[in-house]
Amino acid sequence: MKDDTKKEWWKNPHPRCKPSTRVISAGYEPEFSEMSAKVPIFPTSTFLFKSAEEGERFFRLYAHPEERKDGEYVGLIYSRMNNPNMEIVEDKMRMLEPGAEDAAVLPSGLSAISSAILALLNPGDTVVYSAPIYGGTEHMFDTIINKFKIKTVPVCSPDISEYRSIIEDNGDSVAMIFIETPTNPTIVHTDVEKIVGLAKEYSKGGRKILVAVDNTFFGPVFQNFFPLGIDLCLYSATKFIGGHSDLIGGFVLGNKNDIHTIKSFRSNIGATTDPFCCWLLSRSLETVEIRMKKSAENAQKIAEFLESHPMVEKVLYPSLLKPGDSQYDIYKKQCRGSGALISFYIKGGKKEAFKVLNNVELCRLAVSLGGTETLIQHPRRMTHAEVPEEICQATGITDNLIRISVGIEDADDLIDDLKKALESI
Ligand SMILES: *Cc1c(COP(=O)(O)O)cnc(C)c1O
């Protein structure tokens, strides 16, 4: 429990408690802020030094955190480099990914992904990644990452032998395997334990293949991968973590060294998250578990309703998987819940799908996901409009596919809404 005699207790509060308990007090020492019960906002660009010597020391420790003496106070310098609200939200986020040594907050999910790749990889390296991947990530790989001579190679199947042959084809250049699981919008799981095993097998001669997982869809509540040996966990905090559709943000978590490199990179390119956004995220992290569980409970009921509806051809939702399916085994092994995203094929094509989208009232017609409100969209013509036709064909992103991000409203109300929209066809 809280041990006030221990220096910086808030960095590791209540070590024997569960993440949902620890996140409440992590990162924040009320004695630094007039005993304010909740985290204040620190809208300042710069911080005062008590002496020139102190300023010199803070700069030294910022660049060389390993030189810090036991119990030495490390002050703040300038808000592009660090700010209380950044540090508080990073400590809170670390509680929710057990096994992560440190976290870096970034101004968006894409800046978290691009910073991790550009800070840790070099020209000539290759990233092998699961496809389909979030559309913005795909576009960033094609337009930015490749320009810096880092090759990106998609793997269009969760089959581990496909990963193996692509790693073999790319020789020693493979420096990262980047996995989004489950995928968007087709909810396909990749076996992270096997990917970690593969990365170990092909890491040789002092070079290590990093395993990075975009955990936006199911993390941090329904799956955590540090215990399986991943190196980096990435988030769009815009989604479930922020959870109120009122901010854009991101996180990278990993070991101390990698996160230090990413934090230096972030500061050098100026990818700083402002204090207000960090404060909103600190607020949101306290409720992420209760929100995600309620959304998943609703999603379960909606998925069952959709599966029984005569206008619906097929529903993609993890708890509907059947034993014997290889996806079922991966889902059972690495997930603790089914999440809040449902994709479903309706009988018909674009015309029928659009009819449903235009006839819902409670489900809001918008992209994004993970908010308190239910959102509905058409992947082929919206989020995945720019994905090449052959990838859409290969992965089942067709014109009769609809995706729903289920919110925390009453499930029966949402079911009535969808029932009415399906009847309009
Ligand atoms: C939204 C999203 C991103 C990008 O995040 P932004 O916050 O919009 O930059 C990355 N990965 C996944 C899985 C996402 O859903």
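Structure first, text after, so check above.
Q: Would you explain the overall build of the protein chain in this entry?
A: The helix and strand tally for the protein chain stands at 14 helices and twelve strands. Taken over the C-alpha trace, the protein chain has a radius of gyration of 22 Å; the compact-globule value for 425 residues is 22 Å, and the two agree within 12%. Dimensions of the protein chain along its principal axes, counting C-alpha atoms only, are 75 × 50 × 35 Å. In the protein chain, which comprises 425 residues, the share counted as buried stands at 55%. Only carbon and sulfur atoms are counted for the fraction: they give 54% of the accessible area of the protein chain, which is about 18800 Å². Averaging the coordinates of the 49 positive side-chain charges in the protein chain and doing the same for the 58 negative ones gives two points 1 Å apart.

Q: Honestly, the site of the ligand in this entry has me stumped. Any pointers?
A: Around the ligand, the surrounding shell consists of S108, G109, L110, Y134, E180, D214, T216, F217, S236, T238, K239 and G249. In this structure, an oxygen atom belonging to the ligand sits 2.8 Å away from a main-chain N or O atom of L110. Between the ligand and D214, the relevant distance is 2.7 Å, taken from a nitrogen atom to a side-chain nitrogen or oxygen of the residue. When the free accessible area of the ligand is taken as 380 Å², the share hidden by the protein chains comes to 93%. Residues that form the shell around the ligand fall into these classes: three nonpolar, six polar and three charged.

Q: Just checking my understanding: could you explain the sheet that holds strand β12 (residues 401-405) for this structure?
A: Neighbouring strands of a sheet are bound in pairs by backbone hydrogen bonds; such pairs are parallel or else antiparallel. Judged by pairing direction, the sheet is mixed, and its five strands sit side by side in the order β8-β9-β12-β11-β10 without closing on themselves. Of all strands in the sheet, those bounded by a partner on one side alone are β8 (312-316) and β10 (364-365). Pairing analysis gives four bridges linking β8 to strand β9 (residues 341-346), with the strands arranged antiparallel. Directly across from V312, in β9, lies its bridge partner I346. Seen against the sheet, helix α10 (residues 288-307) touches β8, β9 and β12 and runs at an angle of roughly 10° to β9.

Reading guide: rules and limits
- Residues numbered from 1 in each chain as written.
- Predicted model: local features only at pLDDT ≥ 70, side-chain atom pairs only at ≥ 80, totals over all residues.
- Heavy atoms only, no water.
- Helix = DSSP H or I, 4+ residues; strand = E, 2+ residues; numbered from the N terminus.
- Rg over C-alpha atoms; globule rule 2.2 N^0.38 Å.
- Buried < 20%, exposed > 50% of the residue type's maximum accessible area, 1.4 Å probe, protein only.
- Areas by Shrake-Rupley, 256 points an atom, 1.4 Å probe, with all protein chains shown as cover.
- Lys, Arg positive; Asp, Glu negative; His and termini not counted.
- Charge placed at Lys NZ, Arg CZ, Asp CG, Glu CD.
- Near = heavy atom within 4 Å.
- Polar contact = N/O pair within 3.5 Å; in protein donor to acceptor, adjacent residues only side chain to side chain.
- Nonpolar A, V, L, I, M, F, W, Y, C, P; charged D, E, K, R; others polar.
- Pairing = 2+ DSSP bridges.
- Contact = heavy atoms within 4.5 Å.
- Axes fitted to C-alpha atoms, helices over the stretch in contact; angles between N-to-C directions.

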